[in-house]
Amino acid sequence: MARIPPKDTTSAPLASRELAEAHAATGGRMTNMKWTLAHSPVALDALLQWYPLYDEVVPLLGERRTRLYCHAISTQSACLICTTFFRRLIIDEGEDPDDLELDEFDALIVDLGRRLADDPHTVDDALHARLAERFDDAQIVALIAFGAMMVATNVFNDALRVDLDGYLHPYAAVK
C-alpha cells in the first residue's frame, strides 16, 4: 500500500495540475508515480525531466536498447513499477524480458544499467573505456544522467511504495 496517496486533477496544487496537463498534451500518461510526485510541483517537474533525457538517449542507443537499459536498471533495483513498465514495452514488442537475446552492444548497455543501479562505483575504468569507444564525452554524460534519472524514479517508487498502476498488472513478473 502506498505510503502517500496520489493526488489527482482536483486535489493537486495548481502548478502540478498544469504540469500534468502539459505532460498529457504530449501523449504522456499520468501514473500513480506522477500523481504522487504532484504533491510537490518541483518534484514532479524534476522527475518529468526523464523524458527530455530519454529523447536525447534514444538517438544514441535506439528505442530497444534504451528500454533494455531502463529495464536493467529497474530489475537490478528490484523496482516493481519500473520493471513492470519496461517488461510491458519489451513484451509488447514481441520479446521475452526473462530471456533476452543481447548482442555485444546490448550487453554493454545492460551491464552499465545494472552497475548504476547496484553500485555506481563499479562503473570502473574498463567499463568507461568500453563506453568511450562508442560515445563521445557529451553522449556519455547524457547516458549516465539518464541512467541516474532512472535510478531516481526507482528510488522514489520504492521508498514511497507507490502502487502499481492497474494497466501494468498483466505484465508483472510471476514470482
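Everything discussed here concerns the structure shown above.
Criteria and thresholds
- Residues numbered from 1 in each chain as written.
- Predicted model: local features only at pLDDT ≥ 70, side-chain atom pairs only at ≥ 80, totals over all residues.
- Heavy atoms only, no water.
- Salt bridge = Lys/Arg side-chain N within 4 Å of Asp/Glu carboxyl O.
- Helix = DSSP H or I, 4+ residues; strand = E, 2+ residues; numbered from the N terminus.
- Core = buried A, V, L, I, M, F, W, Y, C linked by side-chain atoms within 4.5 Å.
- Buried < 20%, exposed > 50% of the residue type's maximum accessible area, 1.4 Å probe, protein only.
- Contact = heavy atoms within 4.5 Å.
- Axes fitted to C-alpha atoms, helices over the stretch in contact; angles between N-to-C directions.
- Parallel < 35°, antiparallel > 145°, perpendicular 65-115°, else oblique.
- Nonpolar A, V, L, I, M, F, W, Y, C, P; charged D, E, K, R; others polar.
- Expected span 1.5 Å × (residues − 1).
- Arc of directions from axis to C-beta.

**Some words on the pattern of salt bridges**
Reasoning step 1: Applying the stated rule across the entire model yields 10 salt bridges.
Reasoning step 2: Arg115 is paired through a salt bridge with Asp111; the nearest N and O atoms lie 3.1 Å apart. Taken as a pair, Arg115 and Asp111 lie in helix α7 (residues 104-118) at a separation of 4 residues, close to a single helical turn.
Reasoning step 3: Through salt bridges with shared partners, one network takes in Arg64, Arg65, Glu95, Asp103 and Asp106.

**Considerations on the nonpolar core**
Reasoning step 1: Counting residues in hydrophobic clusters, the biggest one holds 43 residues, and the most contacted among them are Trp50, Leu61, Tyr69, Phe135, Leu143 and Phe146.
Reasoning step 2: Going through the elements one at a time, α2 (32-37), α3 (41-47), α4 (50-61), α5 (63-77), α6 (80-92), α7, α8 (125-132) and α9 (137-159) are the ones with two or more residues in this core.
Reasoning step 3: Residues in contact with Phe135, not counting those within four places in the same chain, are Leu60, Leu61, Phe105, Ile109, Ile140 and Leu143.

**Some thoughts on the environment of Leu61**
Reasoning step 1: Residue placement: Leu61 occurs in helix α4.
Reasoning step 2: Residues Leu61 and Leu102, spaced 41 residues apart in sequence, show a C-alpha to C-alpha distance of 13 Å.
Reasoning step 3: Excluding its chain neighbours within four sequence positions, the residues that come into contact with Leu61 are Thr66, Tyr69, Phe105, Ile109, Phe135 and Leu143.

**Some details on the packing of α6 against α9**
Reasoning step 1: Between α6 and α9, whose axes approach to 7 Å, the crossing angle comes to 125 degrees. By the angle class used here, α6 and α9 are oblique. Side by side, α6 and α9 meet where Leu80, Ile81, Cys82 and Phe86 of the first sit next to Met150, Thr153, Asn154, Asn157 and Asp158 of the second.
Reasoning step 2: Across the contact of α6 with α9, the residue classes tally to 5 nonpolar, 3 polar and 1 charged.

**A closer look at helix α1 (residues 14-25)**
Reasoning step 1: The end-to-end C-alpha separation of α1 is 16 Å, in line with the 16 Å expected for 12 residues at 1.5 Å each.
Reasoning step 2: Of the residues making up α1, those classed as buried are Ser16, Ala20 and His23. End-on view of α1: buried residues confined to an arc of 65 degrees, all on one side of the axis. Counted as exposed and oriented over 90 degrees from the buried face of α1: Leu14, Glu21 and Ala25.
Reasoning step 3: Those residues of α1 that are buried are in contact with α2, α3 and α4.
Reasoning step 4: One or two positions beyond α1, positive phi appears at Gly27, with a value near 100 degrees.

**With respect to unusual backbone geometry**
Reasoning step 1: The phi dihedral of Ala78 is positive, around 60 degrees, even though this residue is not glycine.
Reasoning step 2: With respect to the helices and strands, Ala78 occurs in the loop between α5 and α6.
Reasoning step 3: Accessibility expressed as a relative area gives 60% for Ala78, which makes it exposed.
Reasoning step 4: You will see that Arg161, though not glycine, has its phi angle at about 50 degrees, which is positive.
Reasoning step 5: Position of Arg161 among the secondary structure elements: in the segment after α9.

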